[in-house]
Amino acid sequence: QVQLVESGGGLVQAGGSLRLSCAASGRTFTDYTVGWFRQATGKEREFVAAVSRGGGMPFYSDSVKGRFTISRDNAKNTVNLQMNSLKPEDTAAYYCAAAMGSTANFAGANINYWGRGTQVTVAS
């Protein structure tokens, strides 16, 4: 069993930065690829980024590539998402998720665990 708790969301001006954190509890955290999804009001949930069990092989959606960086610290059971050059279209609830499999397939993976989400609002 893995519990995921997100933090770090908030309100930021366009062009600004935020750092989201996902704190995991549970002894099997390192068994899972971990990533982030987001869901804007009235839209479907979409994949953002994922990182492998060992902290390598990051994979990003085209919409955030070059602006967001995902990282993982297994000693601290955390996964972070550094978000730079934020745009109003990045406004959404951001969810941490854990699943088996590769980072490249994370977007379509059968997600084993979800966090409750943290809101990010980017003002224009």
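Given the structure is predicted, the values throughout are model-derived calculations rather than measurements.

K.L.:
Looking at this structure, I do not really get the side chain of N80. What am I missing?
P.N.:
Along the chain, N80 turns up in strand β8 (residues 78–83). Of the residues examined, N80 reaches a relative accessible area of 12% and is grouped as buried. A distance of 2.7 Å separates a polar atom in the side chain of N80 from a polar atom in the side chain of S21. Discounting chain neighbours no more than four positions away, the residues touching N80 are R19, L20, S21, W36, T69, I70 and S71.

K.L.:
Is there a simple way to think about the packing of aromatic side chains in this case?
P.N.:
Each aromatic ring pair is summarised here by two numbers: the centre-to-centre distance and the angle between the ring planes. Enumeration according to the criterion identifies seven aromatic pairs in this entry. Aromatic side chains F47 and F59 sit 6.1 Å apart centroid to centroid with 35 degrees between the ring planes, which places their arrangement in the tilted category. With F47 in strand β5 (residues 46–51) and F59 in strand β6 (residues 59–60), the pair connects residues that are twelve residues apart, well separated along the chain. Of the residues examined, F59 reaches a relative accessible area of 34% and is grouped as partly exposed. An angle of 90 degrees between the planes, with centres 6.5 Å apart, marks the rings of Y95 and W114 as edge-to-face. A residue pair is termed long-range when its members are at least 10 positions apart, and Y95 in strand β9 (residues 92–99) and W114 in strand β10 (residues 111–114) qualify at 19 residues. Lying across the ring of Y95, R45 places its NZ or CZ 4.2 Å from the centre. Its guanidinium or amino end placed over the ring of F29, R72 lies 4.3 Å from that ring's centre, counting from NZ or CZ.

K.L.:
What am I meant to see in the pairing of strand β3 (residues 18–25) here?
P.N.:
The alternating pattern of β3 places L18, L20, C22 and A24 on a buried face and R19, S21, A23 and S25 on a face that is not buried. Examined bridge by bridge, strand β1 (residues 3–7) and β3 share five bridges and lie antiparallel to one another. Across the sheet, S7 pairs through a bridge with S21, a residue of β3. In this sheet, β8 lies alongside β3 in antiparallel orientation, the contact comprising six bridges. If you follow S21 over to β8, its bridge partner there is N80.

K.L.:
Would you mind going over the state of the cysteines with me for this structure?
P.N.:
Note: disulfide means a covalent bond formed between the sulfur atoms of two cysteine side chains. With the rule as written, the count across this model stands at one disulfide. Note on cysteine connectivity: C22 is disulfide-linked to C96, with sulfurs 2.0 Å apart. On the sign convention where negative is left-handed, the bridge of C22 and C96, at about -80 degrees about the S-S bond, is left-handed. Taken as a pair, C22 in strand β3 and C96 in strand β9 lie far apart in primary sequence, 74 residues in all. For the pair C22 and C96, a shared accessibility class is recorded, and that class is buried.

K.L.:
Explain the nonpolar core to me, please; I cannot follow it from the model alone.
P.N.:
One broad trend across soluble globular proteins is that nonpolar side chains are buried collectively. Counting 29 residues, the largest nonpolar core has W36, L81, M83 and Y94 as its most contacted members. Among the elements of the structure, β3, β4 (33–39), β5, β7 (68–73), β8, β9 and β11 (118–123) are those that each provide at least two residues to this core. Counting residues in hydrophobic clusters, the runner-up holds seven residues, among them F37, F47, A50 and F106.

K.L.:
What is the right way to read the pattern of salt bridges from this model?
P.N.:
As enumerated under the stated definition, the model contains four salt bridges in all. Note that R38 and D90 form a salt bridge whose closest N and O atoms lie 2.9 Å from each other. Here R38 is found in strand β4, whereas its partner D90 is found in the loop between β8 and β9, with 52 residues between them in sequence. Residue R38 is classed as buried on the basis of its relative accessible area, which comes to 5%.

What counts and how
Residues numbered from 1 in each chain as written. Predicted model: local features only at pLDDT ≥ 70, side-chain atom pairs only at ≥ 80, totals over all residues. Heavy atoms only, no water. Helix = DSSP H or I, 4+ residues; strand = E, 2+ residues; numbered from the N terminus. Buried < 20%, exposed > 50% of the residue type's maximum accessible area, 1.4 Å probe, protein only. Polar contact = N/O pair within 3.5 Å; in protein donor to acceptor, adjacent residues only side chain to side chain. Contact = heavy atoms within 4.5 Å. Phe/Tyr/Trp six-rings, centres within 6.5 Å; stacked < 30°, edge-to-face > 60°. Lys NZ or Arg CZ within 6 Å of the ring centre and 35° of its normal. Pairing = 2+ DSSP bridges. Disulfide = S-S within 2.5 Å. Core = buried A, V, L, I, M, F, W, Y, C linked by side-chain atoms within 4.5 Å. Salt bridge = Lys/Arg side-chain N within 4 Å of Asp/Glu carboxyl O.

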